[in-house]
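Chain by chain, the residues:
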Amino acid sequence: MLSFENISKTFGTKQAVRGLNLEVTQGQVMGLLGPNGAGKSTSMKMAAGCLRPSEGRVRLKGIDVWKKPIQAKQNLGYLPERAPLYEDFTPVEYLRFIAKLRKIGSRDLARSIDQAIDACFLQDIRHQLISTLSKGYRHRVCLAQSLLGDPDILIFDEPTDGLDPNQKQEIRDLIKRIRKDKAIIVSTHILEEVEAICTDVYIMDYGKKVFQGSPLDFRAQSENRSQIVIEFTGGDSQRILTRLNSAEDLETASLDTENGQVVVDLAEGSQTQVRNRILNIFLEENASIVSFSNRTGKTADSFRQLTLPGTSDRSSKA
Amino acid sequence: MSTFFTVLRHEFCSLLFSPIAVAYLTIFVFLSALLTFTAGNFFILNEATLSYSFFRWHPLLYALLVPAIGMRSWTQEKSQGTLELLFAQPIGMSPIVLGKYAAACVLLLLGLALTFPLVATVIWLGKVDMGELISGYIGSALVAATFLGISCYFSALFRSQVIVYLLSTTLCVLSVLLGSTQLEGELVSIFPRSRLIVDFIGSLSINQYYVGFRRGLIELQSVVYFGGIICVSLLATAQHLTRRRL
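What you see is a predicted model, and the numbers here were worked out from it, not measured in a lab. (Residues numbered from 1 in each chain as written. Chains lettered and ligands numbered in written order. Predicted model: local features only at pLDDT ≥ 70, side-chain atom pairs only at ≥ 80, totals over all residues. Heavy atoms only, no water.)

> Even after reading the chapter, I still don't get the pattern of salt bridges, so can you show me in this structure?
A side chain with one charge can pair with a side chain of the opposite charge if their charged atoms come near. Residue and element names in this part refer to chain A. Applying the stated rule across the entire model yields 15 salt bridges over all chains. One salt bridge connects Arg138 with Glu87, and the closest N-O pair in it is separated by 2.6 Å. Of this pair, Arg138 sits in helix α5 (residues 135-147) while Glu87 sits in the loop between β6 (76-79) and α3 (91-101); the two residues are 51 residues apart in sequence, bridging distant segments of the chain. Classification of Arg138 as partly exposed rests on a relative accessible area of 23%. In this structure, Arg126 engages Asp114 in a salt bridge whose closest nitrogen and oxygen atoms are separated by 3.0 Å. Of this pair, Arg126 sits in the loop between α4 (106-119) and α5 while Asp114 sits in helix α4, placing them twelve residues apart in sequence. For Arg126, a relative accessible area of 23% translates into the label partly exposed. Shared partners join several salt bridges into a network, and the residues in it are Arg239, Arg243, Glu284 and Glu285. (Salt bridge = Lys/Arg side-chain N within 4 Å of Asp/Glu carboxyl O. Helix = DSSP H or I, 4+ residues; strand = E, 2+ residues; numbered from the N terminus. Buried < 20%, exposed > 50% of the residue type's maximum accessible area, 1.4 Å probe, protein only.)

Here it is in structure tokens:
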């Protein structure tokens, strides 16, 4: 539905995006992540036809955005960064203007506007001047315009920027509701959003891909992935360690003497039975377990590892 | 075509209820009437005509006031971020540029229309040459539209409304002053041996092409002059905005 084909963008001597190849299909919600200045917004602007690529092309439903811009953009709904609005108008007037630019016929105009207003919970403020609305409402008004005409491709640049937790959840719920038959690309700094709504993750840094995969694969990049921490008393700690290190489905076991804990790294794909095996080892060695907790990898850790300066293998990870 | 009218309607509504439009209309109508009856010597002339006392001041008034309308046309879109939103819609650049320009032109025509009390006064006082009156209004509208085109182009170039206003006003005022006899005298003293340069600079003056309209003449040369500047300004505006995306 949406494809970036070897996209690059240069501003003067600075290469903002390099060799971006990405495809988003129907039903996918692609989370586009990266540090500030990574090239996310630039990539989204190129997809929306606001910025011309220096190389490569963007296709929306197979149509080149720059060769046939009007046809291509018929399938597109775009929420720009900072949610631009016309302050002198009400949400209804603003949506009517955008709907007419999208050439939504007069028969469908009212219904389309009502649907967008209902989807973004704007019923109470539909006739209120945009300049008097709160940040959250303003953001939702701009989100509503991107839904007009029920486009098949949606590009959201930081859709929850500046919203309170309740509003963020409303937006995420909306994206989950509509994603079934759309191709959606969402740029965000909020890593919990990635796990909440995205089916796939694409991370950029310095204009290049550093990771592409599922949110689970993304989390698995963390050094702290799939660990179990066991706090215990009694028993022979060295014997326990030896037995853990030789057990199946365990990568390593190490002793944190300061905290009286054993940290066990599970192998990839390890099953639930391995936890029983670990418990049995402690019981057989007459150790008393004080606490037994899972430490799954943190997305923030994964993000840091992939995008910190000096990180090895920065060219690509998949 | 529907996009053009959509943009025109939207832009006109935005303009009409803005403080700038109210200020422009009030100041233009007030100053044009004031100048007519004071510096224009309307009663001293003792003629049922607006050619000398009324239309004479319009180029200078427009040079000072029209850039205030044109300066916001693109700078506001850039500062609001709505330019990017417009680029993402399935529409071409031409209807947007033309629609915004046409909306501002409608406002300027509204200002002209609000001077009807002066027309009514002159008709009541004596026998008016209607041809001269109509051509005067056409010429005045063309001057306003020309200055609007210039200020819209500067608005596309710069982000600051102040800079747009200053540059547009300077260019527009210069184009009015270039045709004045005092300036011509100064130019002759600067270029004593080159009448060609003096004549060329004088030919850039907007008054040279406007004066015919005031006398009841609609000359093709003048229409082409004004139309040419308007077309070049709008084309340059569209071109610049398209290049912004490259």
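> Just to check I follow, could you spell out the packing of helix α9 (residues 130-157) of chain B against helix α13 (residues 207-214) of chain B for this structure?
Residue and element names in this part refer to chain B. Put simply, α9 and α13 touch, their axes get as near as 7 Å, and they point 155° apart. By the angle between their directions, the pair α9 and α13 is classed as roughly antiparallel. Judged by residue contacts, Glu132, Ser135, Gly136, Ile138, Gly139, Ser140, Leu142 and Val143 of α9 engage Tyr210, Phe213 and Arg214 from α13. (Axes fitted to C-alpha atoms, helices over the stretch in contact; angles between N-to-C directions. Parallel < 35°, antiparallel > 145°, perpendicular 65-115°, else oblique. Contact = heavy atoms within 4.5 Å.)

> Looking at this structure, how should I read the sheet that holds strand β8 (residues 183-187) of chain A?
Through backbone hydrogen bonds, the strands of a sheet pair up, either in parallel or in antiparallel fashion. Residue and element names in this part refer to chain A. The strand order across the open sheet formed by six strands is β6-β7-β8-β3-β9-β10, and the pairing between neighbours is mixed. Two strands in the sheet have a free side with no partner beyond their single neighbour: β6 and β10 (208-213). Looking at each pair of strands side by side, their axes are set apart by 15° on average, direction ignored. Relative to strand β7 (residues 153-157), β6 runs parallel, the two being bridged by four bridges. Note that in β7 the partner of Tyr78 across the bridge is Ile155. Taken strand by strand, helix α1 (residues 40-47) contacts β3 (29-33), β6, β7, β8 and β9 (200-205), and its axis lies near 150° from that of β7. In this fold helix α6 (residues 165-178) packs onto β3, β7 and β8, with an angle of close to 155° to the strand it touches most, β8. (Pairing = 2+ DSSP bridges.)

> Mind showing me how you'd approach the environment of Gln273 of chain A here?
Secondary-structure assignment places Gln273 of chain A in helix α10 (residues 273-284). Owing to a relative accessible area of 49%, Gln273 of chain A belongs among the partly exposed residues under this scheme.

> Just checking my understanding: could you explain a nonpolar patch on the surface for this structure?
Residue and element names in this part refer to chain B. Together, Ile123, Met130, Ile134, Ile138, Ile218 and Val223 make up an exposed nonpolar region whose accessible area comes to about 500 Å². Per element, the largest residue contribution to the nonpolar patch is three residues, and it comes from α9. Within the element layout of this structure, Val223 appears in helix α14 (residues 220-244). A relative accessible area of 34% places Val223 in the partly exposed class. (Patch = residues over 30% accessible without salt bridge, like charges linked within 9 Å, V, L, I, M, F, W, Y side chains within 5 Å. Areas by Shrake-Rupley, 256 points an atom, 1.4 Å probe, with all protein chains shown as cover.)

> Would you explain the interface of chain B and chain A in this entry?
Where the parts come together, the accessible area they lose is often given as the size of the interface. Taken together, the 24 residues of chain B in the interface contact 28 residues of chain A. Note on chain B versus chain A: buried area summed over both sides is about 2400 Å², and carbon and sulfur give 62% of it. Considering only the surface of chain B that becomes buried against chain A, His10, Leu85 and Pro90 of chain B emerge as the three largest contributors, covering 28% of it. Our enumeration of links across chain B and chain A arrives at one salt bridge. Between chain B and chain A we count six residue pairs in polar contact (both at pLDDT 80 or more) in total. At the level of elements, α1 (2-16), α5 (72-80) and α6 (82-87) of chain B are the ones that each hand at least two residues to the side of chain B that touches chain A. The element that contributes the greatest number of residues to the side of chain B that touches chain A is α1 of chain B, accounting for seven residues. For the side of chain B that touches chain A, a count of residues per class yields nine nonpolar, nine polar and six charged. (Buried area = accessible area lost by both parts, 1.4 Å probe. Polar contact = N/O pair within 3.5 Å; in protein donor to acceptor, adjacent residues only side chain to side chain. Nonpolar A, V, L, I, M, F, W, Y, C, P; charged D, E, K, R; others polar.)

> Sorry, what's going on with the confidence of the model for chain A here?
In regions of low pLDDT, the predicted coordinates are not meant to be interpreted in detail. Residue and element names in this part refer to chain A. Within chain A, residue pLDDT values average 84, and 91% of them lie at 70 or more. Ranking the elements of chain A by mean pLDDT puts helix α11 (residues 299-307) last, at 72, and α3 first, at 95. Contacts of residues 312-318 to residues separated by more than four positions or lying in other chains number 20 contacts, the stretch itself having pLDDT below 50. (pLDDT = per-residue confidence, 0-100.)

> Quick question: what am I supposed to make of the nonpolar core here?
Across soluble globular proteins, nonpolar side chains have a tendency to be buried as a group. Within the largest apolar cluster, 149 residues are counted, with the highest numbers of intra-cluster contacts made by Tyr94, Ile185 and Phe218 of chain A together with Phe147 of chain B. For this core, the element with the highest residue contribution is α9 of chain B, accounting for twelve residues. One finds Ile228, Leu244, Val262 and Ile278 of chain A within the second-largest nonpolar core, a separate group that totals 17 residues. (Core = buried A, V, L, I, M, F, W, Y, C linked by side-chain atoms within 4.5 Å.)

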